[in-house]
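# Residue-level structure breakdown
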Amino acid sequence: MVNLNKSRREFADQICSRLATCQDDLQRAFQLGDRIPSGYVDNLLPETDAEEIYAAFPEPSEMLLLKDLREYKYVGMQMNRYHPILEEIIYAFQDPRVVQLISKITGIQNLLPDEYLYAGGVSLMHKGCYLNPHLDNSHDKDRQNYRVMNLLYYVTPGWKEEYGGNLELWDRGVRQPCRVIHSKFNRLVLMVTHRTSWHSVSKVVHDGRRCCVSNYYFSPQPLEATNYFHITSFRGRPEQPLRDIALQGDIVLRSGIRKIFKHGIRKPHFYRKEDRH
């Protein structure tokens with residue numbers, strides 16, 4: 001039985017406290033060169049809170065399955081269909097105090113949280129799930145602001161690195177070795193996203209559920225000197241040359257469609273707050 005014993009403001013209080021404690025170390029991590037700017041914080045919340053968040057995760061049958069050559073995972077963004085604690089923790093990361101502190105840590109100005117959870121929400125991976133190397137969509141659902149920051153909070157107790165489902169950062173492109181960040185229980189990962197921030201999730205090889213709470217921040221300005229637009233773009237891994245060819249063709253095809261249809265031809269995935277059950 002999951003108890004909703006904390007509000008989003010109380011969760012935000014805890015997140016701010018932990019981020020403040022680690023602020024100097026995080027700032028140093030984000031200032032390192034020759035890699036995708038990133039850092040992480042362990043023991044973000046009290047263990048019992050993180051365990052309750054994990055216990056509240058919906059079953060895969062209650063989530064949207066995304067499965068093709070690009071990815072295999074379950075996602076949920078219609079938060080009013082799930083246990084209330086999941087909505088509280090997601091929106092705790094959108095508290096203005098949290099956003100301001102992450103702005104100080106990363107040096108990115110004018111950060112905007114996304115109340116619609118476009119491509120965000122909760123995700124679940126079980127044995128066989130993966131995410132190929134990709135660049136995230138460059139903009140929000142209305143193509144007004146640039147996506148600049150990913151916040152990934154992992155909540156599966158006892159999840160070992162050898163289980164897979166770990167974040168992979170391809171700092172020097174998808175033809176060079178990647179940097180692995182273990183999707184460790186109660187760990188928050190912060191990473192910048194832009195035109196060269198290739199990242200992926202290794203295949204899960206364990207009989208368990210790797211669960212993640214995801215938030216994305218946007219900004220009116222791009223992180224680079226010029227304006228740009230791109231769809232979520234997937235590539236093959238170095239050992240997947242045929243898949244890489246297919247996925248590069250997929251990028252060309254879907255990019256062409258977006259030039260004709262601004263929002264694509266598929267219904268975008270975001271939190272439709274008017275959709276109550």
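This write-up is about the structure you can find in this document. (Residues numbered from 1 in each chain as written. Predicted model: local features only at pLDDT ≥ 70, side-chain atom pairs only at ≥ 80, totals over all residues. Heavy atoms only, no water.)

## Side note on the overall build of the protein
Applied cut-off: Helix numbers and strand numbers start at the N terminus; a helix is a DSSP run of H or I with at least 4 residues, a strand a run of E with at least 2. Two things to know: the radius of gyration comes from C-alpha atoms, and the globule rule equals 2.2 Å times the number of residues to the power 0.38. Only protein chains enter the accessibility calculation, which uses a 1.4 Å probe; a residue is then buried when its area is under 20% of its type maximum, exposed when over 50%, and partly exposed in between. Any pair of residues with heavy atoms lying within 4.5 Å of one another is described as a contacting pair. Here the open area of atoms and residues is found with the Shrake-Rupley method and a 1.4 Å probe, where only the protein chains shown may cover a residue. Residues counted as positive are Lys and Arg, residues counted as negative are Asp and Glu, and His and the chain ends are not counted. Where a charge sits is defined by one atom per residue type, namely NZ (Lys), CZ (Arg), CG (Asp) or CD (Glu).
A tally of helices and strands in the protein yields six helices and twelve strands. Taken against the 2.2 N^0.38 rule, which gives 19 Å for 277 residues, the C-alpha radius of gyration of the protein at 18 Å falls within 12% of a compact globule. Across its three principal directions, the C-alpha atoms of the protein cover 50 × 40 × 40 Å. Counting over 277 residues, the protein shows a buried share of 56%. For the protein, contacts bridging at least 24 residues in sequence account for 82% of all contacts bridging at least 6. Counting every atom, the protein has about 12,900 Å² of accessible surface; 51% of that belongs to carbon and sulfur. With 38 positive and 33 negative side-chain charges, the protein shows a spacing of 5 Å between the two charge centroids.

## Observations concerning the environment of Glu-59
Checked against the element boundaries, Glu-59 lands in the loop between helix 3 (47–55) and strand 2 (64–67). Sequence separation of Glu-59 and Leu-124 is 65 residues, and the distance between their C-alpha atoms is 8.7 Å.

## Quick word on the pairing of strand 11 (residues 210–219)
The cut-off we apply is this: A pair of strands is labelled paired if DSSP reports no fewer than 2 bridges between them.
Counted residue by residue, strand 11 has ten buried out of ten residues, so it is predominantly covered. Burial along strand 11 is two-sided: Arg-210, Cys-212, Ser-214, Tyr-216 and Phe-218 facing one way and Cys-211, Val-213, Asn-215, Tyr-217 and Ser-219 facing the other are all buried. Taken together, the five bridges between strand 4 (residues 121–125) and strand 11 define a ladder with antiparallel strand orientation. Across the sheet, the residue bridging to Gly-121 is Ser-214, located in strand 11. Bridge count between strand 6 (residues 146–154) and strand 11: eight bridges; the pairing is antiparallel.

## Looking at the side chain of Ser-214
Of note, Ser-214 is situated in strand 11. Owing to a relative accessible area of 6%, Ser-214 belongs among the buried residues under this scheme. Ignoring any residue separated from it by four or fewer positions in sequence, one finds Ser-214 in contact with Gly-120, Gly-121, Ser-123, Leu-151 and Leu-152.

## Some points on the pattern of salt bridges
The following threshold applies: One speaks of a salt bridge when a side-chain nitrogen belonging to Lys or Arg is within 4 Å of a carboxyl oxygen belonging to Asp or Glu.
Using the criterion set out here, one finds 17 salt bridges in the structure. In this structure, Arg-8 and Glu-88 form a salt bridge, with 3.0 Å as the shortest nitrogen-oxygen distance. With a gap of 80 residues between them, Arg-8 in helix 1 (residues 8–21) and Glu-88 in helix 4 (residues 84–92) connect regions that are remote in the sequence. Here Arg-8 falls in the partly exposed class, since its relative accessible area comes to 32%. Under the relative-accessibility criterion, Glu-88 is labelled buried at 14%. In this structure, Asp-95 engages Arg-97 in a salt bridge whose closest nitrogen and oxygen atoms are separated by 2.9 Å. For Asp-95, a relative accessible area of 12% translates into the label buried. When its relative accessible area of 30% is taken as the criterion, Arg-97 is described as partly exposed.

## Digging into the nonpolar core
Spelled out, the test is: As used in this record, nonpolar core signifies buried Ala, Val, Leu, Ile, Met, Phe, Trp, Tyr and Cys residues forming a set joined through side-chain atoms within 4.5 Å.
Counting 65 residues, the largest nonpolar core has Leu-19, Ile-53, Ile-89, Phe-93 and Tyr-153 as its most contacted members. With six residues, the single largest contributor to this core is helix 4. Here Ile-89 is in contact with Phe-11, Ile-15, Leu-45, Ile-53, Tyr-153 and Val-213, once residues within four sequence places are set aside. The next biggest cluster of nonpolar side chains, apart from the first, holds eleven residues, and it includes Leu-167, Leu-169, Ile-181 and Val-189.

## Quick word on the environment of Ser-202
By the secondary structure assignment, Ser-202 is in the loop between strand 10 (199–201) and strand 11. Taking the relative accessible area as the measure of exposure, Ser-202 reaches 14% and is therefore buried. Placed 22 residues apart in sequence, Ser-202 and Val-180 show a C-alpha to C-alpha distance of 9.0 Å. Excluding its chain neighbours within four sequence positions, the residues that come into contact with Ser-202 are Cys-129, Tyr-130, Gly-164, Gly-165, Asn-166, Glu-168 and Arg-237.

## Focus: the packing of helix 1 against helix 5 (residues 96–106)
Keep this limit in mind: Each axis is a line fitted through C-alpha atoms, and for a helix only the stretch in contact is used; angles between axes span 0 to 180 degrees, taken between their N-to-C directions. Geometric relationships in this document are graded by angle, where less than 35 degrees denotes roughly parallel, more than 145 denotes roughly antiparallel, 65 to 115 denotes roughly perpendicular, and other angles denote oblique. The crossing is said to be left-handed when, going from far helix to near helix, the turn is anticlockwise and less than a right angle, and right-handed when the turn is clockwise. Only Asp, Glu, Lys and Arg are considered charged, only Ala, Val, Leu, Ile, Met, Phe, Trp, Tyr, Cys and Pro nonpolar, and every remaining residue, Gly among them, polar.
Running from N to C, helix 1 and helix 5 cross one another at 20°; their axes reach a closest spacing of 9 Å. One finds that helix 1 runs roughly parallel with respect to helix 5. Here the hand of the crossing between helix 1 and helix 5 comes out left-handed. Contacts between helix 1 and helix 5 involve Arg-9, Ala-12, Asp-13, Ile-15, Cys-16, Leu-19 and Ala-20 on the former and, on the latter, Arg-97, Val-98, Leu-101, Ile-102 and Ile-105. Tallied by class, the residues present in the contact of helix 1 with helix 5 amount to nine nonpolar, no polar and three charged.

## Describing helix 3
Defined as follows: To be clear, the arc concerns the directions from the helix axis to the C-beta atoms.
Within the sequence span of helix 3, burial applies to Asp-49, Ala-50, Glu-52 and Ile-53. For helix 3, the arc enclosing every buried residue in end-on projection is 160°, short of the 170-degree limit, so these residues lie on one face. Facing away from the buried side of helix 3 by over 90 degrees, the exposed positions are Glu-47 and Thr-48. Against helix 1, helix 4, strand 6 and strand 11 lie the buried residues of helix 3.

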